[in-house]
Amino acid sequence: MTPWTKKYQPKNTSELKGHDKALLELKNFILNFKNQKKKAAIIYGQSGVGKTCSAYALANDLNYEVFELNASDFRNKNSIESTLGPAIMQRSLFSSNKIILVDEIDGLSGKNDRGGISALAKLIDRSIFPVIMTATNPYGQKLNALRKKSELIQFHTLNYLSVFSVLKNICTKEKIKFDEDALKSLARHAAGDLRSAINDLQTLTHEKKELKNEDLNELSDRNRTENMLSALMKVFKTTDINIAIKAFENVEEDINKQFLWIDQNLPDEYQKPEDLARAYDYLSKADVFRGRIRRWQHWRFLVYVNAMISAGVAVAKDEKYKGFTSYKPTTRILKLWKAKMKYQKRKSIASKIAEKTHISSRRALQDTLPYLSLIFKKNKELSGKIAQEFNLDKDEIEWLRKN
């Protein structure tokens, strides 16, 4: 299944919403590249606002070729020079104009022994083509060297009407019936993250081709769920330890829920058996430390748990998997809840039996309840008398007949 974020990626700037000022600044940078001192631009803004697709759309308008690299794919001085160096100096085979796009420079390490930042900064000075870099926050100390050589262009958070307009257009093309209030609510929930909104729309409608207000119940507590989905993407869609290990920093779900989310979605994401085996190996080791925390209250082990479920799971795969995966909340929580409710019903019946027969609840559970259950299945008349004697309600009677 093709991700709608890819299928409906804007082909030109006329299809983009809410970034007129930023696009004009970026266009001026590209067209005046040879006459200005700074050879690079950093376009920045929150995740999902359209930074990368804007660069592509503008390149299409100007008939420029795009040479794209993701910063997480090359880590040190040697890999940057060997990968990016030729692209910065060699002319395009297909056209005379080219843009060098370096995505997610936040993922670059600033450590001196790796030299990634300084190597990229030196290459920018030698570039004969405009270099465009994307970032969520360009003001971190590790990006000082790049920031000094770059124009800074901010992509502001999209308002919900801009997001709604894009979602409405997709619904029309995909022939999806929608309640307009529901679609606007979905746009508001996205909080300016267009990519997230499109992914949510695809998740909610790809089977039934319809969107109603009640469908949004799946997106209740949007901030927590969105953070969890974003965290999973950082773990599953990267092999960069530095990105993955921070994935759960702002997630409100506790460590137990994080385990369940990963366990639920891991088989859908990792298709190669060897990748899946390594990922579950890390997950099982993390669970060992989680058990030690419970038993001994050694909370210092929490750092090992986080490292294994984030960075460990991320590097378990040989390469990033392409394509769209619809991450879903774990069904195990519901199963655990049902099991708990079933056990609570047993305890309630046992306590009533214990009170009437003057035995302990434990003895009632072990010795009396199995016989009562058999009676309620076989003898309707006798079961009615027993129910009256023990003051059992309708749910408890039904439970005895089914279990």
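Structure shown above.
Residues numbered from 1 in each chain as written. Predicted model: local features only at pLDDT ≥ 70, side-chain atom pairs only at ≥ 80, totals over all residues. Heavy atoms only, no water.

### Notes on the sheet that holds strand β3 (residues 98-103)
Here is step 1: Read from one edge of the open sheet, five strands run β2-β3-β4-β1-β5, paired in parallel fashion. Among the strands making up the open sheet, the edge pair consists of β2 (65-70) and β5 (150-154). Each strand axis lies, on average, 20 degrees off the axis of its neighbour in the sheet, ignoring direction.
Here is step 2: One ladder, built from three bridges, connects β3 with strand β4 (residues 131-135); its direction is parallel. Residue pairing for β4: Val102 is matched across the bridge by Met133.
Here is step 3: Sheet strands touched by helix α3 (residues 51-62): β1 (40-44), β2, β3 and β4. Its angle to β3, the strand with the most contacts, is close to 175 degrees. (Pairing = 2+ DSSP bridges. Helix = DSSP H or I, 4+ residues; strand = E, 2+ residues; numbered from the N terminus. Axes fitted to C-alpha atoms, helices over the stretch in contact; angles between N-to-C directions. Contact = heavy atoms within 4.5 Å.)

### Some thoughts on the pattern of salt bridges
Here is step 1: Within the structure shown, the criterion is met by 14 salt bridges.
Here is step 2: Residues Lys7 and Glu174 are paired through a salt bridge, measuring 2.7 Å at the closest nitrogen-oxygen approach. Of this pair, Lys7 sits in helix α1 (residues 4-7) while Glu174 sits in helix α7 (residues 160-174), and the two are 167 residues apart along the sequence.
Here is step 3: Judged by its relative accessible area of 12%, Glu174 falls in the buried class.
Here is step 4: For Glu180, the salt bridge identified is with Lys184, shortest N-O distance 3.7 Å. Of this pair, Glu180 and Lys184 both sit in helix α8 (residues 180-189), four residues apart, roughly one helical turn.
Here is step 5: One continuous salt-bridge network, built from bridges that share partners, spans Lys7, Glu174 and Lys209. (Salt bridge = Lys/Arg side-chain N within 4 Å of Asp/Glu carboxyl O. Buried < 20%, exposed > 50% of the residue type's maximum accessible area, 1.4 Å probe, protein only.)

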